Amino acid sequence: MPLLDRLLSSLALSLFPGACDIEDSLGIDAPPPARGERAERIAAAIADRWAECTLFVIHADGAGDPRSARQACIDPGIDAARCASPNVVAVPCVPVRETEAWMLVDAEVFRTLLGSGAQPALPAEPEREADPKLTLGRLLRDGGMRRKPERLYRLFGEEVSLEALRTLPAFQIFETELVEAIRAVARAQGWPG
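Let us look at the structure shown here. (Residues numbered from 1 in each chain as written. Predicted model: local features only at pLDDT ≥ 70, side-chain atom pairs only at ≥ 80, totals over all residues. Heavy atoms only, no water.)

## Concerning helix H4 (residues 107-114)
Now for step 1: What H4 keeps buried is the set Ala107, Val109, Phe110, Leu113 and Leu114. Along the axis of H4, the buried residues cluster in a sector spanning 155 degrees; they form a single face.
Now for step 2: Where H4 is buried, its residues touch helix H5 (132-142) and helix H6 (153-159).
Now for step 3: The distance from a side-chain oxygen at the start of H4 to the backbone nitrogen of Glu108 is 3.0 Å, and the residue carrying that oxygen is Asp106.
Now for step 4: One or two residues past the end of H4 sits Gly115, with phi positive at roughly 115 degrees. (Buried < 20%, exposed > 50% of the residue type's maximum accessible area, 1.4 Å probe, protein only. Helix = DSSP H or I, 4+ residues; strand = E, 2+ residues; numbered from the N terminus. Arc of directions from axis to C-beta. Contact = heavy atoms within 4.5 Å. Polar contact = N/O pair within 3.5 Å; in protein donor to acceptor, adjacent residues only side chain to side chain.)

## What to know about the packing of aromatic side chains
Now for step 1: One pass over the structure, following the stated rule, counts five aromatic pairs.
Now for step 2: Measuring from ring centre to ring centre gives 5.1 Å for Trp102 and Phe171, while their planes differ by 85 degrees; the resulting arrangement is edge-to-face. Placement of the pair is Trp102 in the loop between strand E2 (90-93) and H4 and Phe171 in helix H8 (residues 169-188), with a sequence separation of 69 residues. Assigned by exposure class, Trp102 and Phe171 land together as buried.
Now for step 3: Relative to Phe156, the ring of Phe110 has its centre 5.4 Å away and its plane inclined at 70 degrees; by these criteria the two rings are edge-to-face. (Phe/Tyr/Trp six-rings, centres within 6.5 Å; stacked < 30°, edge-to-face > 60°.)

## Quick look at the side chain of Glu127
Now for step 1: Tracing the sequence through the fold places Glu127 in the loop between H4 and H5.
Now for step 2: No salt bridge is formed by the buried Glu127; the nearest opposite charge belongs to Arg128, separated by 7.9 Å.
Now for step 3: Side-chain polar atoms of Glu127 contact the backbone nitrogen of Ala170, separated by 3.2 Å.
Now for step 4: Residues in contact with Glu127, not counting those within four places in the same chain, are Val96, Arg97, Ala101, Trp102, Leu168, Pro169, Ala170 and Phe171. (Lys, Arg positive; Asp, Glu negative; His and termini not counted. Salt bridge = Lys/Arg side-chain N within 4 Å of Asp/Glu carboxyl O.)

## Focus: unusual backbone geometry
Now for step 1: You will see that Ala63, though not glycine, has its phi angle at about 50 degrees, which is positive.
Now for step 2: Mapped onto the elements of the fold, Ala63 is located in the loop between strand E1 (56-59) and helix H3 (66-84).

## Thoughts on the packing of H4 against H5
Now for step 1: One way to put it is that H4 packs onto H5 with a least axis distance of 10 Å and a crossing angle of 45 degrees. Of the possible angle classes, the one that applies to H4 and H5 is oblique. In the packing of H4 onto H5, the handedness of the crossing is right-handed. In contact with Phe110, Leu113 and Leu114 of H4, H5 contributes Leu136, Leu139 and Leu140.
Now for step 2: Among the residues forming the contact of H4 with H5, the class breakdown is six nonpolar, no polar and no charged. (Axes fitted to C-alpha atoms, helices over the stretch in contact; angles between N-to-C directions. Parallel < 35°, antiparallel > 145°, perpendicular 65-115°, else oblique. Left-handed = near helix turned anticlockwise from the far one by under 90°. Nonpolar A, V, L, I, M, F, W, Y, C, P; charged D, E, K, R; others polar.)

## A look at the pairing of E2
Now for step 1: Of the two faces of E2, the one lined by Ala90 and Pro92 and the one lined by Val91 and Cys93 are each fully buried.
Now for step 2: In this sheet, E2 lies alongside E1 in parallel orientation, the contact comprising four bridges. Across the sheet, residue His59 finds its bridge partner in E2, namely Cys93.
Now for step 3: Of the crossover connections in this fold, the one passing from E1 over H3 to the parallel E2 is right-handed. (Pairing = 2+ DSSP bridges. Right-handed = clockwise from strand over helix to strand, strands pointing away.)

Structure (structure tokens):
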């Protein structure tokens, strides 16, 4: 969530300087009982939070084929939500494999965690890592970190360089679609653009 909050604020400020405030993001899931297909759960989660949210970011790991993951895991849910509420603004967030690949793009975050002298051997192309979670864990262990990587995700989200993330193709797609979604929300609220 910290990464999404930073990204939304940065994009909104660049698109509409001084014109809008971005509230903190909110992690949601389908309301209980959360049964049925993923599309039904996405639509239920959106319906449950429709009154308090103007933009929905829906995540799925790409598992090596982000286009197929999007088509199978996210698009049907957005379509189902739009059947009930045609004005839903939703953006898929689909890393090539896993979000952890995005954590492998900025050596400075590792130096924050492991010490200023740390020299993590980050992969040249993080999105091509077969198992980014395993790579992340190995890099942290090699640097002397004993905590589980999952306990450090917030720090990565707060510290990772947006410029470094922008070198990753899947992040570029996500950011481009997020910009269009922010513009759609702004237009719905009467802003030009």
